[in-house]
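Working through the structure, step by step
Read off the chains here:
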Amino acid sequence: MKRFKETLYGFILILYGQFLLIGLMMLWTNFLPILWNQSIWLHVGLAIVIPLLLYGVIGFVIARFIRNLPTIKAGAILFWAIVALFFLVALMLESRGNASMLSLYTIANYPINAFYRNASEYGWSTGIALFASIIMGYVGICKGFELQRRILRSREGKKR
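First, a word on scope: everything that follows refers to the structure included in this document. Predicted model only: the values in this text are computed from it and were never measured.

Looking now at the overall build of the protein. Looking only at helices and strands, the protein features six helices and zero strands. Ordered by position from N to C terminus, the α and β elements of the protein give α-α-α-α-α-α. By element, 70% of the accessible surface of the protein is carried by carbon and sulfur atoms, the whole surface being about 9,900 Å².

Here the focus is the nonpolar core. Nonpolar side chains in soluble globular proteins generally cluster together in the buried interior. Counting 34 residues, the largest nonpolar core has Ile62 and Trp80 as the members making the most contacts within it. Of all elements in the fold, only α1 (2–31), α2 (40–65), α3 (73–95), α4 (99–108), α5 (110–113) and α6 (124–159) reach the threshold of two or more residues within this core. Not counting residues within four places of it along the chain, the set of residues in contact with isoleucine 62 comprises Leu13, Ile14, Leu69, Ile72 and Phe145.

Our next topic: a nonpolar patch on the surface. A cluster of nonpolar side chains, contributed by Met1, Phe4, Leu8 and Ile12, occupies part of the molecular surface with about 460 Å² of accessible area. Position of phenylalanine 4 among the secondary structure elements: in helix α1.

The full count for this structure, using the stated rule, is three aromatic pairs. Centroid distance phenylalanine 11 to phenylalanine 79: 6.2 Å. Interplanar angle 55°. Geometry classified as tilted. Residue phenylalanine 11 is found in helix α1, and its partner phenylalanine 79 is found in helix α3; the two are separated by 68 residues along the sequence. Taken as a pair, phenylalanine 11 and phenylalanine 79 share a single burial class, namely buried.

With that settled, consider the side chain of glutamine 18. Take glutamine 18: it is sitting in helix α1. In contact with glutamine 18, other than residues within four places in its own chain, are Tyr55, Ile58, Phe79, Ala108, Asn109 and Pro111.

Helix length check: α3 (23 residues) gives 33 Å between terminal C-alpha atoms against 33 Å at 1.5 Å per residue, within 8%. Taken as a whole, α3 has its buried residues at Ala74, Gly75, Ala76, Phe79, Trp80, Val83, Ala84, Phe87 and Ala90. Once α3 ends, the next one or two residues include glycine 97, with phi positive near 110°.

A few words on the pattern of salt bridges. Any two side chains of opposite charge can pair, so long as their charged atoms come close to each other. Inspection of the entire model under this criterion finds two salt bridges. For glutamate 146, the salt bridge identified is with lysine 73, shortest N-O distance 3.5 Å. Taken together, the residues glutamate 146 in helix α6 and lysine 73 in helix α3 connect sequence positions 73 residues apart. Using a relative accessible area of 39% as the deciding quantity, one classes lysine 73 as partly exposed. Judged by its relative accessible area of 26%, glutamate 146 falls in the partly exposed class.

Attention shifts here to the environment of isoleucine 134. Summarising the element assignment, isoleucine 134 is placed in helix α6. Once the C-alpha coordinates of isoleucine 134 and alanine 81 are considered, the two residues, 53 residues apart in sequence, prove to be 9.4 Å apart. Beyond its immediate chain neighbours, meaning those up to four positions away, isoleucine 134 contacts Trp80, Val83, Tyr105 and Ile112.

What counts and what doesn't
- Residues numbered from 1 in each chain as written.
- Predicted model: local features only at pLDDT ≥ 70, side-chain atom pairs only at ≥ 80, totals over all residues.
- Heavy atoms only, no water.
- Helix = DSSP H or I, 4+ residues; strand = E, 2+ residues; numbered from the N terminus.
- Areas by Shrake-Rupley, 256 points an atom, 1.4 Å probe, with all protein chains shown as cover.
- Core = buried A, V, L, I, M, F, W, Y, C linked by side-chain atoms within 4.5 Å.
- Buried < 20%, exposed > 50% of the residue type's maximum accessible area, 1.4 Å probe, protein only.
- Contact = heavy atoms within 4.5 Å.
- Patch = residues over 30% accessible without salt bridge, like charges linked within 9 Å, V, L, I, M, F, W, Y side chains within 5 Å.
- Salt bridge = Lys/Arg side-chain N within 4 Å of Asp/Glu carboxyl O.
- Phe/Tyr/Trp six-rings, centres within 6.5 Å; stacked < 30°, edge-to-face > 60°.
- Expected span 1.5 Å × (residues − 1).

Function cannot be inferred from these measures alone, as they are strictly geometric.
Dropping the structure here:
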């Protein structure tokens, strides 16, 4: 039961960070739109690295302020599994003619989809890059959390 509570608590904290990140990314792209450049590999590379940094900040902040949470990996796995599942469902419904589902998913996962919004085509390469961005978001949350915990442990050792 304790593991379930930790997973749920981590999931809720990541969801809260996701909502804050959605707001910040929407505000940022209103003033400075992210365009799909001619050099597609540079843009895809940035679209994969930026979620690592953005979600790394979320993991870093969660570890800083919520000190009673021992790990965030289970909550992060739950969150990213739901994100990937909803992406697959949205793609299936969009292929059947319900285009509103993909636009709803784009709004719900705006921090990653903002980089793919202006893509010239949504083929297999864009889908694979989007899944790579989702995986890097998971890695970012876990690594940001671990980095902050390592910093906190080193500071506790210096106090004594």
